[in-house]
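Listed below, chain by chain, are the residues.
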Amino acid sequence: MRIPMIAGNWKMNTTVAEAVALVEEMRPGLDQIDNVDKVICPPFVSLAVVKELLKGSSVKLGAQNLYFEEKGAYTGEISPLMLAELCDYVIIGHSERRQYFNETVELADKKVKAALKVGLKPILCVGETIKENESGRTEEVLSRQLSLTSKQAYHTGLVLAYEPIWAIGTGKSATGEQANQTIGFIRRHISQQCGQETAQAVRILYGGSVTADNIAEFIKQPEIDGALVGGASLKAGDFLSIVKQTSSFKRGK
Ligand code: PGA
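So, how was this worked out
Counting restarts for each chain: residues are numbered from 1 in the order of the written sequence. pLDDT decides what is reported in this predicted model: residues at 70 or higher carry local features, side-chain atom pairs at 80 or more are listed and counted, and totals for whole chains, interfaces and linings draw on all residues regardless. Neither water nor hydrogens contribute to the side-chain values; these are computed over all heavy atoms in the structure. Whether two aromatic rings pair depends on their centres lying within 6.5 Å, for rings of Phe, Tyr and Trp, where Trp uses its six-membered ring; planes under 30 degrees apart make the pair stacked, over 60 edge-to-face, and the rest tilted. Charge-over-ring placement is defined geometrically: NZ (Lys) or CZ (Arg) within 6 Å of the ring centre, and within 35 degrees of the ring normal. The helix count covers DSSP runs of H or I at least four residues long, the strand count covers runs of E at least two residues long, and both are numbered beginning at the N terminus. In this scheme, a helix's expected span is set at 1.5 Å multiplied by one less than its residue total. When a residue's accessible area, from a 1.4 Å probe over protein chains only, is under 20% of the maximum for its type it is buried; when over 50% it is exposed; and in between it is partly exposed. Salt bridges are identified by distance alone: a Lys or Arg side-chain nitrogen within 4 Å of an Asp or Glu carboxyl oxygen. Each residue is tested against the molecule or strand, and it is near if at least one of its non-hydrogen atoms lies within 4 Å. We define a polar contact as two N or O atoms separated by no more than 3.5 Å, with the added condition that, inside protein, one atom must be a possible hydrogen donor and the other a possible acceptor, whereas residues neighbouring each other in sequence contribute only through side-chain atom pairs. The protein chains shown are the only cover counted for residues, whose accessible areas, like all others here, come from Shrake-Rupley with a 1.4 Å probe. Any two strands are treated as partners once DSSP identifies two or more bridges connecting them. When checking whether two residues touch, look at their non-hydrogen atoms; a contact exists if any pair is within 4.5 Å. An axis is simply a line fitted to the C-alpha atoms; with a helix, the fit covers only the stretch in contact. Between two such axes, the angle follows the N-to-C directions and lies from 0 to 180 degrees. Geometric relationships in this document are graded by angle, where less than 35 degrees denotes roughly parallel, more than 145 denotes roughly antiparallel, 65 to 115 denotes roughly perpendicular, and other angles denote oblique. Should the near helix be turned anticlockwise from the far one by less than a right angle, the crossing is left-handed, and should it be turned clockwise, the crossing is right-handed. Only Asp, Glu, Lys and Arg are considered charged in this grouping, and only Ala, Val, Leu, Ile, Met, Phe, Trp, Tyr, Cys and Pro are considered nonpolar; every other residue, Gly among them, is considered polar.

**Observations regarding the packing of aromatic side chains**
So, point 1. Counted by the stated rule, this structure contains 4 aromatic pairs.
So, point 2. With 5.2 Å between their ring centres and 45° between their planes, Tyr-67 and Tyr-74 make a pair best called tilted.
So, point 3. When the centroid spacing of 6.5 Å and the interplanar angle of 85° are considered together, the rings of Tyr-100 and Phe-101 count as edge-to-face.
So, point 4. Three or more aromatic residues joined by ring pairs form one cluster here, namely Tyr-67, Phe-68 and Tyr-74.
So, point 5. The positively charged end of Arg-97 is found above the aromatic ring belonging to Phe-101, 4.2 Å away from the centroid.
So, point 6. A cation sits over an aromatic face here: Lys-121 above Tyr-89, 5.5 Å from the ring centre.

This is the structure we're talking about:
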């Protein structure tokens, strides 16, 4: 049984004051919903204050990135150890990092290993560009992006997020069937690499223009275990509705 997960990726949005206001607005509603792992990922500078606000809450905290070294002369970077004090999860390999900050499969893997070493659970993002999709290379690209992820990582709580790059922030989501099919491919791929048991245990989320209006389409698909939500996670009402619908659907209502 895979517990569904909804994770909110706030990206480079919210000042500390805005983050506090948003958490205060969504926390009471989120705490009333069970059967779903709820995660919010505010910017680094708000993590400490949000951690305080989430004391006693079932909502978990995640970061959006990390560096793989433990400490040292890496000006401007944030280490796994620093985050382990604050968070449970960390997003790794988001397409915006791959695209704007030249993050490679190798770098993402170093980050995954560094996160796991200190007990942080990675939310590893994979996905193809529109060009790769249209030229029929989606499976090849995803296989490459997953090529370094170990069986041990899957068993230590790593969560995958399939985010087709053409669907992120564009308002143009994949259809539920499309996403289900591709996530089904990812599961078969993991099964070949690491065995059926591992493939059945790993949670795979869909991400890309998920809203309160379209979440049902994704969540009713058997392969999709939840969503990584960008834009809609910045509105308390929308995020709550996404989490609520996920809870009821996966409960079989
Ligand atoms: P979006 O972002 O929901 O705004 O498309 C999703 C993501 O990038 O994780």
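Okay, back to it.
**What about helix α9 (residues 176–194)?**
Given 3.6 residues per helical turn, the α-helix brings residues three or four places apart onto the same face.
So, point 1. The first and last C-alpha atoms of α9 sit 26 Å apart over 19 residues, in line with the 27 Å expected at 1.5 Å per residue.
So, point 2. Every buried residue of α9 is listed here: Gly-176, Ala-179, Asn-180, Thr-182, Ile-183, Gly-184, Phe-185, Ile-186, Arg-187, His-189, Ile-190 and Cys-194.

**Re the pattern of salt bridges**
So, point 1. Going through the model one piece at a time under the given rule, you end up with 14 salt bridges.
So, point 2. Among the ionic pairs, Asp-109 bridges to Lys-113, the shortest N-O distance being 2.4 Å. You can see Asp-109 and its partner Lys-113 sitting in helix α5 (residues 105–117), 4 residues apart, about one turn around the helix.
So, point 3. Accessibility expressed as a relative area gives 10% for Asp-109, which makes it buried.
So, point 4. Residues participating in the shared-partner salt-bridge network are Arg-2, Arg-187, Glu-223 and Asp-225.

**Points about the site of the ligand**
So, point 1. Around the ligand there are 14 residues in total, and Lys-11, His-94, Glu-163, Gly-169 and Ser-209 lie nearest to it.
So, point 2. Residue His-94 places a side-chain N or O atom 2.6 Å away from an oxygen atom belonging to the ligand.
So, point 3. A distance of 2.9 Å separates an oxygen atom of the ligand from a polar atom in the backbone of Gly-231.
So, point 4. The protein chains hide 95% of the 280 Å² of surface that the ligand would expose on its own.

**Some words on the pairing of strand β4 (residues 89–92)**
So, point 1. Of the two faces of β4, both are covered, the one formed by Tyr-89 and Ile-91 as well as the one formed by Val-90 and Ile-92.
So, point 2. For strand β3 (residues 60–63) and β4, the ladder comprises 2 bridges, and the chain directions are parallel. Bridging from a neighbouring strand, Gly-62 pairs with Tyr-89 of β4.
So, point 3. Pairing between β4 and strand β5 (residues 121–126): 4 bridges, direction parallel.

**Examining helix α12 (residues 236–250)**
So, point 1. For α12, which comprises 15 residues, the first-to-last C-alpha distance of 21 Å matches the rise-based estimate of 21 Å (1.5 Å per residue) to within 8%.
So, point 2. Against β1 (5–9), α1 (16–31), β2 (37–41), α11 (215–219) and β8 (226–229) lie the buried residues of α12.

**A closer look at the packing of α1 against α12**
So, point 1. Between α1 and α12, whose axes approach to 9 Å, the crossing angle comes to 25°. Judged on the interaxial angle alone, α12 and α1 are roughly parallel. Considering the relative orientation of α1 and α12, their crossing is right-handed. Note on element contacts: α12 touches α1 through Ala-236, Phe-239, Leu-240 and Val-243, opposite Leu-22, Glu-25, Met-26, Gly-29 and Leu-30.
So, point 2. Broken down by class, the residue content of the contact of α1 with α12 amounts to 7 nonpolar, 1 polar and 1 charged.

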